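Secondary and tertiary structure notes
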Amino acid sequence: MAGQTDMELIKNGIRMDGRKPDELREIKIVAGVLDNADGSCYLEWGNNKVYAGVFGPMECHPRHKQKADRAIVQARYTMAPFSVNDRKRPGLDRRSTEISYIVSQAFEKVVMVEQFPKASIRVDMQVVEAHAGTRCAAMTAASVALADAGIPMRDMIPSCAAGKVNGVVVLDLNKEEDNYGQADLPLAIIPSTGEVVLLQLDGHLTPDEFELAMDLATRGCMELYEKMRHALENSYGGKK
Amino acid sequence: MSEESSIKSNRKLVLPGDLMETKSKPGKGIFRKEGRIHSSVVGYSSDKSGYINVNAIAGRYSPKVGEKIIAICAETGPSIWRMDIGASFNSTLHHSESSWKVPFGDTARFLAIGDAIWAEIFMVDAAGSHQISLKKDDCRKLYSGTILKINPTNVPRVIGKQGSMISLIRENTTTRIQVGQNGYIWIDGKDEDIALAQVAIETINREATSEGLTKKIEKLLEK
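Worth saying up front: this structure is predicted, and the values here are computed from it rather than measured.

With that out of the way, let us pick up the overall build of chain B. Scanning chain B from N- to C-terminus turns up five helices and 15 strands. Overall, the C-alpha framework of chain B stretches about 60 × 50 × 25 Å when taken along its three principal axes. Looking at chain B residue by residue over its 223 residues, the buried ones come to 37%. Counted over contacts in chain B with a minimum sequence separation of 6, partners at least 24 positions apart contribute 57%.

Here's what the structure looks like:
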């Protein structure tokens, strides 16, 4: 957020990559791409590339994390060393630990955990290429992978960010906008009820701008939800 | 084939959270919210005899009492075996449910890790743990042969109407085949026969939702 630049991030209402303020980047979702996972998904969102794989429900390890009356969701978000410009040290760091934790919390709201006592549902998300908005991309991919794994859920959760760039509230920030913009607001909702399962804010927004950003991000999520549905319909209907 | 296509026509693909327009009672793959019925999984909905069900396309095997399955030994204890049946948890086979007289601590002599059996599920409890038995009907240890794992939701397609599909494969490949409800399939015979049967079953597993599958398999087996 703090970065300074001479770049004109938004000019005459058109952004650097030619999008309008309320437009999403191009999104491609394919379900069922990995044979060894119970369910999987590959997602391309602008220049982001993410794989998600789901394993389970299965016996929860370590044992002390088991819940006697329900399953737990163990999400794991990792970035490949080659996913960013400067090589990232592989493995979990503070950022990925946090994202893994909030994603687990979000999915425990929709997955019917009470059907699988003592079990664990593992959701592994691997960012292969990062270009801002990877937590949203990873979460969206994980939702599709969970559905693909046949895990009972109340709904799928799409996730999408809004933000503020050069004083304009915009949907779905790209890398430059994320680095040099003024705010980033990732959001995940349950489409059928409108419940918020993930909301973070990095940067500054006035209350009015916040309302506007929430509105934009919610609309982005709904648009994304349709794409997720199409991906699953193609994957299962296409085999006919 | 005509029967098959009539099943297809009233099937509808539903996704998690989809509202089901129905007056029927909720069956499996369903949840209720504010008095209305929604699907909880990706699957095909069926609405018959007063119940609405969603048959999940994917997912692990969920054991039901009385079902015949193939289990593979994963762990041995002093008086029990822990058996992999493709469900969320390993199943327990207690020595008293086996067909042998097992001295305490000598379980591995009868069933070592990796050995397979044809067994029946005889207990499932609310916590999701389950036990299997070797004392029913034709339950036995499986010697020689090979085991193939497929999606348990495709088992009815592999078996076919009144076992038509599986007997087609058996006759054309002269193999012995046993299909567990958990999607584990045991095939025994000559190596090349096993390979052919394996190809046929894998094709069914891959193209389980396509039409004209019987003709395709007939063709494949004739070659």
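Structure's up, so let's keep going.
The secondary structure content of chain A amounts to four helices and twelve strands. Its C-alpha radius of gyration of 18 Å places chain A within 12% of the 18 Å reference for a compact globule of 240 residues. Overall, the C-alpha framework of chain A stretches about 55 × 40 × 35 Å when taken along its three principal axes. The contacts in chain A between residues at least 6 apart in sequence include a share of 69% that link residues at least 24 apart.

This brings us to the nonpolar core. One broad trend across soluble globular proteins is that nonpolar side chains are buried collectively. Residues Ala-141, Ala-142 and Val-144 of chain A are the most contacted members of the largest nonpolar core, which totals 86 residues. What Val-144 of chain A contacts, discounting residues up to four positions off in sequence, is Ile-29, Ala-31, Cys-41, Met-156, Met-228, Ala-231 and Leu-232 of chain A. Formed by 37 residues, the second largest nonpolar core is a distinct cluster that contains Val-158, Val-179, Trp-186 and Ala-200 of chain B.

The next subject is the environment of Glu-222 of chain B. Residue and element names in this part refer to chain B. With respect to the element layout, Glu-222 can be found in helix H5 (residues 213-222). Note on Glu-222: 7 C-beta atoms within 10 Å, which makes it exposed. Here the alpha-carbon distance between Glu-222 and Thr-173, two residues 49 residues apart in the chain, equals 9.5 Å.

Residue and element names in this part refer to chain B. Here chain B is described as being made up of domain 1 (2-56), domain 2 (68-142) and domain 3 (146-222). Every contact between the two is made by ten residues of domain 2 and, on the other side, ten residues of domain 3. Ranked by residue count, the leading element in the side of domain 2 that touches domain 3 is strand E7 (residues 68-76), at four residues. Each residue belonging to the side of domain 2 that touches domain 3 can be placed in one class, and the counts come to eight nonpolar, one polar and one charged.

Moving on, we get to unusual backbone geometry. In most cases, non-glycine residues show a negative phi, while peptide bonds are predominantly trans. In this structure, the amide linkage connecting Gly-56 of chain A to the following residue, Pro-57 of chain A, adopts the cis form with an omega of 0 degrees. Here Pro-57 of chain A is to be found in strand E5 (residues 48-59). Cis geometry is found at the peptide bond from His-61 of chain A to Pro-62 of chain A, where omega equals 0 degrees. Inspection of the secondary structure puts Pro-62 of chain A in the loop between E5 and strand E6 (72-79). The backbone of Asn-12 of chain A sits at a positive phi, close to 50 degrees, despite the residue not being glycine. Examined against the element boundaries, Asn-12 of chain A turns out to sit in the loop between strand E1 (10-11) and strand E2 (14-15). Since 5 C-beta atoms lie within 10 Å of it, Asn-12 of chain A is described here as exposed. The phi dihedral of Glu-34 of chain B is positive, around 50 degrees, even though this residue is not glycine.

All right, on to the sheet that holds strand E3 (residues 27-31) of chain A then. Residue and element names in this part refer to chain A. An order of E3-E4-E5-E7-E6 is seen for the five strands of this open sheet, with the pairing classed as mixed. With one partner strand each, in any of the chains shown, E3 and E6 form the two edges of the open sheet. In this sheet, adjacent strand axes meet at a mean angle of 15 degrees when their direction is disregarded. Where E6 lies against strand E7 (residues 119-129), eight bridges are found, and the strand directions are parallel. If you follow Ala-75 over to E7, its bridge partner there is Val-123. Running at roughly 145 degrees to E6, helix H1 (residues 94-110) makes contact with E6 and E7 of the sheet.

All names here are of chain B. Pairing of strand E3 (residues 30-33) with strand E4 (residues 36-39), which is carried by four bridges, proceeds in the antiparallel orientation. Bridge pairing in E4 links Lys-33 to Arg-36. Hairpin geometry of E3 and E4 is characterised by an intervening segment of two residues between the two adjacent antiparallel strands and by a positive phi of about 50 degrees at Glu-34.

On to the sheet that holds strand E5 (residues 43-48) of chain B, then. Residues and elements named next belong to chain B. An order of E1-E5-E6-E2 is seen for the four strands of this open sheet, with the pairing classed as mixed. Each end of this open sheet is capped by a strand with a single partner; those strands are strand E1 (12-14) and strand E2 (25-26). The sheet contact formed by E1 and E5 spans three bridges and is antiparallel. By the bridge assignment, Lys-12 is partnered in E5 with Ser-45.

All names here are of chain B. Closest axis-to-axis distance for the helix H3 (residues 164-173)/H5 pair is 10 Å, and the angle between their directions is 10 degrees. Between H3 and H5, the crossing angle belongs to the class labelled roughly parallel. Each of Met-165, Leu-168, Ile-169, Asn-172 and Thr-173 in H3 lies in contact with H5, whose residues at this interface are Thr-214, Ile-217, Glu-218 and Leu-221. The class makeup of the residues in the contact of H3 with H5 is five nonpolar, three polar and one charged.

Quick look at helix H2 (residues 134-148) of chain A now. Residues and elements named next belong to chain A. Helix length check: H2, at 15 residues, gives a terminal C-alpha distance of 21 Å against a target of 21 Å (1.5 Å per residue), a fit within 8%. Among the 15 residues that make up H2, 15 are buried, leaving the element largely enclosed by the rest of the structure. Remark: Gly-150 follows H2 within two positions and exhibits a positive phi of approximately 75 degrees.

Conventions we followed
- Residues numbered from 1 in each chain as written.
- Chains lettered and ligands numbered in written order.
- Predicted model: local features only at pLDDT ≥ 70, side-chain atom pairs only at ≥ 80, totals over all residues.
- Helix = DSSP H or I, 4+ residues; strand = E, 2+ residues; numbered from the N terminus.
- Buried ≥ 20, exposed ≤ 12 C-beta atoms within 10 Å, placed from the backbone.
- Contact = placed C-beta atoms within 7 Å.
- Rg over C-alpha atoms; globule rule 2.2 N^0.38 Å.
- Core = buried A, V, L, I, M, F, W, Y, C linked by C-beta atoms within 7 Å.
- Domains from an automatic or database assignment.
- Nonpolar A, V, L, I, M, F, W, Y, C, P; charged D, E, K, R; others polar.
- Pairing = 2+ DSSP bridges.
- Axes fitted to C-alpha atoms, helices over the stretch in contact; angles between N-to-C directions.
- Parallel < 35°, antiparallel > 145°, perpendicular 65-115°, else oblique.
- Expected span 1.5 Å × (residues − 1).

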